[in-house]
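Remarks on the overall topology
Take a look at the letters that make up each chain.
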Amino acid sequence: MSVRSSSPSSPGLARGPGGARLRTLLVAAFIGFALIGPAHAVKPDEVLPDAAQEARARTLSKELRCMVCQNQSIDDSDAPLARDLRLLVRERIEAGDSDGQVMDFLVARYGEFVLLRPTWHGANAILWLAPFAVLVIGGIGVLIALRRRAGQPATAVAPLSPEEETRLREALREPGDVTKV
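Since we're looking at a predicted model, the values are computed, not measured. (Residues numbered from 1 in each chain as written. Predicted model: local features only at pLDDT ≥ 70, side-chain atom pairs only at ≥ 80, totals over all residues. Heavy atoms only, no water.)

1. Details of the UniProt feature "transmembrane region" (unreviewed entry) in the protein
Note the threshold: UniProt positions are given in the numbering used here, feature names are shortened, and annotations may be inferred rather than shown by experiment. Runs of E in the DSSP output that reach at least two residues are strands. Runs of H or I that reach at least four are helices, and both are numbered from the N terminus.
Feature annotation in UniProt assigns "transmembrane region" (unreviewed entry) to the following positions: residues 125–146. Between the first and last C-alpha atoms of residues 125–146 the distance is 32 Å; the span itself is 100% helix and 0% strand.

Set out below in structure tokens:
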């Protein structure tokens, strides 16, 4: 039978006079943070009046890398360069460019690094395939090493000489043992 202490000094959130309230507050905060969507950096003055054009701009902005943050889209970045790129995308869309033309314009201006998902061609193909090649080469190396190890005969252990056997028996003998070796 175990006895539980309900003193306020005992560990645990549910114990003590304000424990239940604290636990409720923490659960509410967790749910609140979970329900909050991703923060978008698009400012109200950037939004296009045409909803269809704005939707295209937002879709394209999610596919373009912030050159300052590098692992964030320009749609999510607060960096000044990301804002400039968002405005540039919206200008090109208002000018009547297709999505492909907008992307081609930005790639021509900033290089393919501006794309969050690089295309599959040339040097990029090597970058896409390199991790798989390393895994395959490593697997082949492990197989070769295992086969070599399995093919080698086990090394035989040389038997002990009579002198070594005597020394071993003396070392293993208990201090109070009077038997002769």
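Read on, since the account is not over.
2. As for the side chain of serine 77
Worth spelling out the cut-off: Only protein chains enter the accessibility calculation, which uses a 1.4 Å probe; a residue is then buried when its area is under 20% of its type maximum, exposed when over 50%, and partly exposed in between. In protein, a polar contact requires one atom able to donate a hydrogen and another able to accept it; more generally it is a pair of N or O atoms within 3.5 Å, and residues adjacent in sequence count only if both atoms are side-chain atoms.
Looking at where serine 77 falls in the secondary structure, it is placed in the loop between helix 2 (51–61) and helix 3 (80–94). On the basis of relative accessibility, which here comes to 0%, the residue serine 77 falls in the buried class. Polar side-chain contacts of serine 77 include one of 3.1 Å to the backbone nitrogen of alanine 79.

3. With respect to the confidence of the model for the protein
Rules: pLDDT: the predictor's confidence for each residue, scored from 0 to 100. Contacts were defined at the residue level, with two residues in contact if any of their heavy atoms lie within 4.5 Å.
Looking at the protein as a whole, its pLDDT mean stands at 79, while 80% of the residues score no less than 70. When pLDDT is averaged over each helix and strand of the protein, the minimum, 77, is found for helix 1 (residues 19–35) and the maximum, 91, for helix 6 (residues 162–172). Low pLDDT, under 50, characterises residues 5–10; the stretch is placed with five contacts to residues that sit more than four places away or in other chains.

4. What about the pattern of salt bridges?
Pairs may arise between side chains of opposite charge once their charged atoms sit close together. What counts is decided by this rule: One speaks of a salt bridge when a side-chain nitrogen belonging to Lys or Arg is within 4 Å of a carboxyl oxygen belonging to Asp or Glu.
Inspection of the entire model under this criterion finds five salt bridges. A salt bridge links arginine 90 to glutamate 54; the nearest nitrogen and oxygen atoms lie 2.8 Å apart. Of this pair, arginine 90 sits in helix 3 while glutamate 54 sits in helix 2; the two residues are 36 residues apart in sequence, bridging distant segments of the chain. Residue classification places glutamate 54 among the buried positions, given a relative accessible area of 9%. The shortest N-O distance in the salt bridge between aspartate 75 and arginine 58 comes to 2.8 Å. One end of the pair, aspartate 75, is in the loop between helix 2 and helix 3; the other, arginine 58, is in helix 2, with 17 residues separating them in the sequence. You can call aspartate 75 buried: its relative accessible area is 0%. Note on arginine 58: relative accessible area 21%, which makes it partly exposed.

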